[in-house]
Amino acid sequence: MSNSRRGVGFRSVRWARLPLAAAIGLAIATPAMAQNTEPSARTAPGQAKPASTAAPAAKPPASKVKTLEAIVVTAQKRPENLQKVPISMNVLGMDTLQALHIQDFKDYVAYLPGVTFQSGGGGVQAGPGFAAIYIRGVTDGSNRNHSGSQPTVGVYLDNQPVTTIQGPVDIHMYDIARVEVLKGPQGTLYGSSAEAGALRIITNKPDPSRFAANYTLSTDHVQHGGIGDTFEGMLNIPFNARSAIRLVGWREHDAGYIDNDPGTVTFPTSGITLDNADDCKPAPKLECSPSRAHKNYNDVTTKGGRAALKIDLNDNWSISPMVMGQQTIAHGNFASDPEVGKLAVSHFYPEDSNDRWWQAALTIQGKIGNFDLTYTGAHLRRNQSDDSDYTDYGFWYDTVASYGQYFTDSSGTPINPAQHIHNRDGYYFTTNELHIASPADDRLRFVAGVFSGHQKHDIFQRYYVDGLANELSVPGFPHTVWLTRELRYDSNKAVFGEVSYDIIPDKLTATYGARYYRTRDQLAGFYGFGPGFSSSTGVAACTSPTPFLGAPCTVFNKSTRSSGPLHKINVTWNITPTMMVYATRSKGFRPGGVNRVGGAVPYQPDFLTNLELGWKTSWEDGRLTFNGAVFRENWENFQYNVLVPPGLTFIRNVNSARIQGLESELNWQATTNLHVSAGAAFYRAKLTANYCGFTDANGNPVTNCPAGSLDPNGDVVSGPQAPKGTRLPITPHFKGNVTARYEFSLAGNDAYVQAAWVHVGQRTTDLRLVERSLLGDLPAYNNVDLSAGMGRNNWTVDVFVKNLFDTRGAMYKYSECAPATCAAHGMSAKYPDGQVYTGFTQPRTIGVRFSQNF
């Protein structure tokens, strides 16, 4: 992905020089600097001032060291100083997002120690908008697709969720006030979408007090790849003293860096060879692929805009509608086949994705007496379409089970059995919330509200085999070996509230929160092979002859419901005005759902219980903050998605796991010129009971499965697939970052230099031990970014280097063939353990950007 960025802020005061070597004193490893607030945010040249009517703070004398500015967040449904919020949080403010050249999800997640992600596999495209996000190691690392579990982390744009089943929208990070990460269950205020935590992206709001404008131009070059560019612009136009509109637009082209190298694949059963070389010429038993080899395969173009209006009806009431939309078109594959090359694949059919979404949102804020009333509502419409090369799948199942013998044309002649997929996913997501809050300075105060969310997912997947006989194809869909045509509905309704009481005013506060929820999940439709391939799926499994949205019939229609309460208890002690400790017990949940497979029982809800002790402290007259938390989380009855023959997602409940950890952050204005920030997270996540790989007849986890015992199908098992004590996948034991920024005067210009280091520890890839050993671990890696720039008056220019040492950091792995199945047959000298893809960090990227304010 391109890492071109916006202008970085400078101070108008010319700071005295200080050796950069002072930055070496940052050995106190503990998240990235967050020196910006919204609504009261600092102004940074290279970015227009966000909505605020507050007068700018007076600048300190040049001889006095600056203090850190207060960070205002709305994590608890009301504006509060971050240092007074008893939640373990990371905040990346506007200045930080600019300084770190943050442009998209992969950029900012690197600087969030408690956050990891996974992309690709299980039929899911590995690219923008397809990431699964995890907080505090609450993940099983399993297969994800449209029929799987809901996410454990909720992503919000302002106050509205933007998380769909296969991943949240990947929002371009321009004109963003801050990113808030709330770690641990946020079930009482945020519900089922925030079982493990919540990630909130807060936009800058219209400002009626002043006209403002900004534009940014940037370009970059990716090592081993091409050239990218970014164009961004913003206008803040006041209509009068009570209303304004903010218009934002962007276009970003990210250069590709993965090559589709020339290669061939020969299918064992038919002996047919597929060739993707440019000079390929068809011959008997030799076919030229539709997609040909070329360099820089995985480029991405993103364009979008946002229009936000703010109208203050009077001193107490305001209305704020917003419309935002984005389109991301990506080509190629974002993971590599190490047997082909470090940054290369050999693929044969088109690979691309088109992710289009828009959201219309409305916020109404007002007062009823002394109480603040807020309504937020939104409708998200998202359409994704993608094409995937599934040749690997066809090759491996021909190798393993001679599947190729079943693929013939109408005359019975064997054909090339390679598969390629066309997917379409349509999401319709409507949410409404109304909450009321009593005055924040009351000794007894509360927040209470109601919420409803309804999501519809329109699913279409067509697996092509070119030339397949009509009598073998899914009826009505020529050349189609498999069709999925389904509708999924997920609904959630809740009432919630939190009450706080100052037992000792300004010293000791107790908070109780609760949420009562009702959820419903429904999945219906058609899935399966054509009539020539299966007697248990597709037309052979029809339960109703009525066509289903163009598909031949209805194969299944299942639904499930759940309801119950969640609770939270917190005690906060303000030892001094600058030192606070807190203790929290909170609980989050994820709804259950249906398994579409035959007579399979539904999977049950899972729950996460959190015990947390945290601290927030400020030192050196406000120049240093040091925050952190220790915690233990019990993940009960958690859901695990696996693929079962013939390639269907099946969700089982695993017994339980425990995650223990420590997370901390440091933010230090070391001198007038030097700012240092650091973040660290240490996690230990393990199973607390055996995972046997099956459940009982009622869907309850089975934990006693010694070698030689029988599973429910009467098959002999070799013991637990993952025994008690097995480490949960994807999350490292340690992830941390350090950033140092030095500002100074250069030839009458305000200048800076900055260095940032990120470390990601070793991670495992799968919960099951056999699959883990075959996929292999994800090794630890380090990443270093550098930037420097200068500016004067209303312009800035800077240069940056991302991934200075061109590190190949492995972020995820996957295989199109179940590793245990492919490796068990060991039938390929090239791939003795099956074919495994690895997604790496983007290679070294060097860029320059120019920005101007008005």
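Cut-offs and rules
- Residues numbered from 1 in each chain as written.
- Predicted model: local features only at pLDDT ≥ 70, side-chain atom pairs only at ≥ 80, totals over all residues.
- Heavy atoms only, no water.
- Helix = DSSP H or I, 4+ residues; strand = E, 2+ residues; numbered from the N terminus.
- Buried < 20%, exposed > 50% of the residue type's maximum accessible area, 1.4 Å probe, protein only.
- Pairing = 2+ DSSP bridges.
- Axes fitted to C-alpha atoms, helices over the stretch in contact; angles between N-to-C directions.
- Disulfide = S-S within 2.5 Å.
- Polar contact = N/O pair within 3.5 Å; in protein donor to acceptor, adjacent residues only side chain to side chain.
- Contact = heavy atoms within 4.5 Å.
- pLDDT = per-residue confidence, 0-100.
- Patch = residues over 30% accessible without salt bridge, like charges linked within 9 Å, V, L, I, M, F, W, Y side chains within 5 Å.
- Areas by Shrake-Rupley, 256 points an atom, 1.4 Å probe, with all protein chains shown as cover.
- Salt bridge = Lys/Arg side-chain N within 4 Å of Asp/Glu carboxyl O.
- Core = buried A, V, L, I, M, F, W, Y, C linked by side-chain atoms within 4.5 Å.
- Phe/Tyr/Trp six-rings, centres within 6.5 Å; stacked < 30°, edge-to-face > 60°.
- Lys NZ or Arg CZ within 6 Å of the ring centre and 35° of its normal.

A.B. asks: Sorry if this is basic, but what is going on with the overall build of the chain here?
C.D. replies: A tally of regular secondary structure across the chain gives six helices and 42 strands. A total of 854 residues make up the chain; the buried ones form 63% of that total.

A.B. asks: Sorry, what's going on with helix α4 (residues 391–401) here?
C.D. replies: Along an α-helix, residues three or four apart share an orientation, since each turn contains 3.6 residues. Taking burial as the measure, the 11 residues of α4 include 10 buried ones, the bulk of the element. Within the span of α4, buried status applies to Thr391, Asp392, Tyr393, Gly394, Phe395, Trp396, Tyr397, Asp398, Thr399 and Val400. After α4 finishes, the residue Ser402 shows a positive phi value of roughly 55 degrees.

A.B. asks: What exactly am I supposed to notice about the sheet that holds strand β17 (residues 273–275) here?
C.D. replies: Paired through their backbone hydrogen bonds, the strands of a sheet run either parallel or antiparallel. Strand order across the open sheet formed by three strands is β16-β17-β18, with mixed pairing between neighbours. Every interior strand has two partners, whereas the edge strands, β16 (264–266) and β18 (286–288), have only one. Taken over all neighbouring pairs, the strand axes of this sheet differ in orientation by 20 degrees on average, direction set aside. Bridge analysis of β17 against β18 gives three bridges, and the strand direction is parallel. Paired with Leu274 across the strands is Glu287, a residue of β18.

A.B. asks: How should the state of the cysteines be read in this particular structure?
C.D. replies: The term disulfide refers to a covalent linkage connecting the sulfur atoms of a pair of cysteines. For the coordinates displayed, the defined rule picks out three disulfides. With its sulfur 2.0 Å from that of its partner, Cys280 forms a disulfide with Cys288. Because the torsion about its S-S bond is -90 degrees, the bridge between Cys280 and Cys288 counts as left-handed. On the accessibility criterion, Cys280 (11% relative accessible area) is buried. Each sulfur of the disulfide joining Cys692 and Cys705 lies 1.9 Å from the other. Between Cys692 and Cys705, the disulfide has an S-S torsion of -90 degrees and is therefore left-handed.

A.B. asks: I tried to follow the pairing of strand β19 (residues 300–312) on my own but got confused; where do I start?
C.D. replies: Within a regular strand, the side chains alternate between the two sheet faces. For strand β14 (residues 243–254) and β19, the ladder comprises 12 bridges, and the chain directions are antiparallel. Counted as the bridge partner of Arg246 is Ala308 from β19. In this sheet, strand β20 (residues 318–331) lies alongside β19 in antiparallel orientation, the contact comprising 11 bridges. For Asp312, the partnering residue across the bridge sits in β20 and is Ser318. Here β19 folds back onto β20, and the loop between the two strands holds five residues.

A.B. asks: Explanation requested: the side chain of Lys77 in the structure shown.
C.D. replies: Structurally, Lys77 can be placed in the loop between β1 (72–73) and β2 (80–81). Classification of Lys77 as buried rests on a relative accessible area of 17%. A distance of 2.9 Å separates a polar atom in the side chain of Lys77 from a polar atom in the side chain of Glu433. The contact partners of Lys77, leaving out residues within four places of it in the chain, are Leu189, Tyr190, Glu433, His435 and Val447.

A.B. asks: Sorry if this is basic, but what is going on with the sheet that holds strand β7 (residues 160–161) here?
C.D. replies: Here we have five strands laid out as an open sheet, ordered β3-β10-β11-β6-β7, and mixed in their pairing. In the strand order of this sheet, the two ends are held by β3 (89–93) and β7, each with one partner. Strand direction decides the pairing type here: strand β6 (residues 153–157) and strand β11 (residues 197–203), joined by five bridges, are parallel. Across the sheet, the residue bridging to Tyr156 is Arg200, located in β11.

A.B. asks: Looking at this model, I keep getting lost on the pairing of strand β22 (residues 352–368). Mind explaining?
C.D. replies: Across 14 bridges, β20 lies against β22 in antiparallel orientation. Bridge pairing in β22 links Met324 to Gln359. Two strands pair when backbone bridges link them, and β22 and strand β23 (residues 371–390) are joined in this way by 17 bridges, in the antiparallel orientation. When the bridges of β23 are listed, Trp357 appears paired with Arg382. Counting the residues in the hairpin turn of β22 and β23 gives two residues, including Gly369, whose phi is positive at 65 degrees.

A.B. asks: For this particular structure, what's the right way to read the confidence of the model for the chain?
C.D. replies: Low pLDDT means the predicted atomic positions in that stretch should not be read closely. For the chain, the average pLDDT comes to 86, and 88% of its residues sit at 70 or higher. The low-confidence segment residues 1–63 (pLDDT under 50) makes 241 contacts with residues lying over four places distant or belonging to another chain.

A.B. asks: What should I look at first to understand a nonpolar patch on the surface in this one?
C.D. replies: A cluster of nonpolar side chains, contributed by Leu444, Val499, Tyr501, Ile503 and Ile504, occupies part of the molecular surface with about 440 Å² of accessible area. The greatest single-element share of the nonpolar patch, amounting to four residues, is contributed by strand β26 (residues 480–504). The topology assignment puts Ile503 in strand β26.

A.B. asks: Please clarify how the pattern of salt bridges should be interpreted in this entry.
C.D. replies: Between side chains of opposite charge, pairing is possible as soon as their charged atoms come close. One pass over the structure, following the stated rule, counts 30 salt bridges. For Arg306, the salt bridge goes to Asp175, with nearest N and O atoms at 2.5 Å. With Arg306 in strand β19 and Asp175 in the loop between β9 (167–168) and β10 (176–183), the pair connects residues that are 131 residues apart, well separated along the chain. For the pair shown, Arg306 and Asp175 are each scored as buried. With a shortest N-O distance of 3.9 Å, Glu663 and Lys183 are connected by a salt bridge. Pair noted here: Glu663 is in strand β34 (residues 656–669) and Lys183 is in strand β10, with a separation of 480 residues, a long-range link.

A.B. asks: Help me out: how do you make sense of the nonpolar core in this one?
C.D. replies: Generally speaking, a soluble globular protein has its nonpolar side chains buried in company with each other. Tyr108 and Leu687 are the most contacted members of the largest nonpolar core, which has 102 residues in total. Of all hydrophobic cores here, the second largest spans 16 residues; its members include Met89, Leu182, Ala198 and Phe496.

A.B. asks: Whenever I open this one, the side chain of Asp458 confuses me. Can you help?
C.D. replies: Residue position: Asp458 is located in strand β25 (residues 444–464). The class of Asp458 is buried, set by a relative accessible area of 19%. A polar contact of 2.5 Å, which involves the side chain of Asp458, links it to the side chain of Arg485. Those residues within four positions of Asp458 in sequence are excluded, and the remaining contacts are Arg424, Asp425, Gly426, Arg485, Glu486 and Leu487.

A.B. asks: Looking at this model, I keep getting lost on unusual backbone geometry. Mind explaining?
C.D. replies: The phi angle of most residues is negative, glycine excepted, and most peptide bonds adopt the trans form. Although it is not a glycine, Lys77 sits at a positive phi angle of roughly 70 degrees. The backbone of Ile730 shows a phi angle near 80 degrees, a positive value even though the residue is not glycine. Residue placement: Ile730 occurs in the loop between β35 (674–687) and β36 (734–746). Ile730 sits in the buried class, given a relative accessible area of 5%.

A.B. asks: It is not clear to me how the packing of aromatic side chains should be interpreted in this structure. Could you clarify?
C.D. replies: By the definition in use, this model includes 24 aromatic pairs. Ring plane angle 45 degrees and centroid distance 6.4 Å describe the contact between Phe460 and Phe477, whose orientation is recorded as tilted. Highlighted residues: Phe460 in strand β25 and Phe477 in the loop between β25 and β26, separated in sequence by 17 residues. With a relative accessible area of 11%, Phe477 lands in the buried category. Ring pairs connect the aromatic residues Tyr390, Tyr393, Tyr397, Tyr403 and Tyr463, which therefore count as one cluster. Here Arg136 stacks its cationic end above the ring of Phe631, 3.9 Å away from the centre of that ring. The ring of Tyr428 has Lys456 sitting right over it, with the charged end atom 5.2 Å from the ring centre.

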